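# Observations on chain architecture
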Amino acid sequence: MINLAVKKHEETAKIARIRRLTKAVTTVVLAGYVVAAGGLVGWRWWVNTNETRVNAQLETLLAQVAGRASQEAVVRKLAFRTMVVREWLSGREGMGPEADFLAGAPMVPVAWDYDAGKGQQTVVVNATQVEQIDEMVTTISGRYQNVRVESVVWNEGLGWTGTIIFGGKK
Amino acid sequence: MRGGIREWLWILYPVAVAAFVVVSANFLLSNQDRWMLAIRSGQETAQIGGKIARIREKLAVLETVDMELESEDLKFMATAVSPAKAIWVLVAQVKSAAAEVGAGVVTYRSGRVGDVKEASGAAQTVEGETAMALSTRVSVDDFGVLGELIGNLERRLPLVKITKISFGNGEAMIEVEGAWAPGGTQAGAEADSPLPEFAQSVIDVRQSLDGYISGVMASEATESGETTGSPF
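Residues numbered from 1 in each chain as written. Chains lettered and ligands numbered in written order. Predicted model: local features only at pLDDT ≥ 70, side-chain atom pairs only at ≥ 80, totals over all residues. Heavy atoms only, no water.

### A word on helix α4 (residues 67-80) of chain B
- Under the 1.5 Å per step criterion, the end-to-end length of α4 of chain B is 20 Å for 14 residues, consistent within 8% with the ideal 20 Å.
- Taken as a whole, α4 of chain B has its buried residues at Glu70, Asp73, Leu74, Phe76, Met77, Ala78, Thr79 and Ala80 of chain B. (Helix = DSSP H or I, 4+ residues; strand = E, 2+ residues; numbered from the N terminus. Expected span 1.5 Å × (residues − 1). Buried < 20%, exposed > 50% of the residue type's maximum accessible area, 1.4 Å probe, protein only.)

### Focus on the pairing of strand β2 (residues 120-127) of chain A
Residue and element names in this part refer to chain A.
- In terms of burial, β2 is a largely internal element, 6 of the 8 residues being buried.
- Both strand β1 (residues 111-115) and β2 contribute to a ladder of 5 bridges, which runs antiparallel. Counterpart to Asp115 in the pairing with β2 is Gln120.
- Adjacent in sequence and paired antiparallel, β1 and β2 are bridged by 4 residues, among which Gly119 carries a positive phi angle near 65°.
- Strand direction decides the pairing type here: β2 and strand β4 (residues 159-166), joined by 7 bridges, are antiparallel. If you follow Thr122 over to β4, its bridge partner there is Ile165. (Pairing = 2+ DSSP bridges.)

### Concerning the nonpolar core
- Formed by 45 residues in total, the largest nonpolar core has its most connected members in Trp112 of chain A together with Val140 and Leu146 of chain B.
- Residues within four places of Leu146 of chain B in sequence aside, it is in contact with Trp112 of chain A together with Val140, Ile165, Phe167, Ala172 and Ile174 of chain B.
- The next biggest cluster of nonpolar side chains, apart from the first, holds 23 residues, and it includes Leu78 and Val84 of chain A together with Leu62 and Leu209 of chain B. (Core = buried A, V, L, I, M, F, W, Y, C linked by side-chain atoms within 4.5 Å. Contact = heavy atoms within 4.5 Å.)

### A few points about the interface of chain B and chain A
- Residue-level contacts link 81 residues of chain B with 63 residues of chain A.
- Summed over both sides, the interface of chain B with chain A buries roughly 6500 Å², with 72% coming from carbon and sulfur.
- Looking at the side of chain B facing chain A, the largest losses of area belong to Trp10, Trp35 and Phe143 of chain B, adding up to 11% of the total buried there.
- Connecting chain B to chain A are 2 salt bridges. (Buried area = accessible area lost by both parts, 1.4 Å probe. Salt bridge = Lys/Arg side-chain N within 4 Å of Asp/Glu carboxyl O.)

### Comments concerning the pairing of strand β3 (residues 132-139) of chain B
Residues and elements named next belong to chain B.
- Of the pairings in the sheet, the one linking strand β1 (residues 104-110) to β3 comprises 6 bridges and is antiparallel in character. Within β3, the position partnered with Thr107 by the bridge is Arg137.
- Across 8 bridges, β3 lies against strand β6 (residues 171-178) in antiparallel orientation. Counterpart to Arg137 in the pairing with β6 is Met173.

The following block contains the structure:
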């Protein structure tokens, strides 16, 4: 009799433990599910609301950009034309300073040839002494590459005539 | 017996929760297309956010644009490098530069239209060639005058490039190339496409061209490429 009472008490305690555990697990699962589902629904609501807001914002900004189309056109044109001018300037070999240099050289050329395609210049100078041609070559060598004397000719009555060929600037 | 059933009533709680989870999850996830749409929409919204940031940046720049000033700059750039070929502008420049240093232009010749000695419709524009070149024969007394002429020519707008010089016996044959470049209208740009950098470039170019002479004829080459009048 006593044994039966003890056995029943043990069973009741076991069921009570299972009940408590099941209830606790169920509560945790329910809470987790409610949080997850709530988050999911909330996220979807946020996505919808955000999409509407962002689209409205975009439309407003697009309208503002369209309202400034003339400014944009001017800016784009200006940027392009400025780039074109820069390219032109950078691709130009200024010959004014070269002419100034030769005009200030010990012997002023009596003839001058320049060809941008060949990147070569030729000057002809008249001198009374051949040393003057040497001096001219030295002066030109200070500024240009590949300087060479093509010819030095003595002409009765004219003196020495020197032809000097040189390349690009150093 | 009744006491036994009561003891097991607690099972209804997990069963009810399980039923609730299954039914509500089924309801939530039943329309998968709408969830996919929401995911895509979220991604698109993020992209639109980036687009909005770019447009805002662009608007901030556009709001600072002084139309009067930039139009003036644009006109200046179009004067420096003409948007259309106008050989007579080049001819006028050479003549003007030569006259200023006391040199005389003997002849000038363009690559396509032949000798250009008198005013003619053919002399006004040259089409279909890449470079706008002009070969001119100038009478110059000495090398100093030639140097002045070249310097004078190179400090004029529209810009010119001297490609050949042949000087001797009181004459110089000078080949010049006039600056021209078509285009500049970039139509159809996206609303969020960023604006090109221009402010500093304009300042740099203006500084580079400070002191350049804008010829009377050159100023008549308008930004749209139209030319007016004749130098002859």
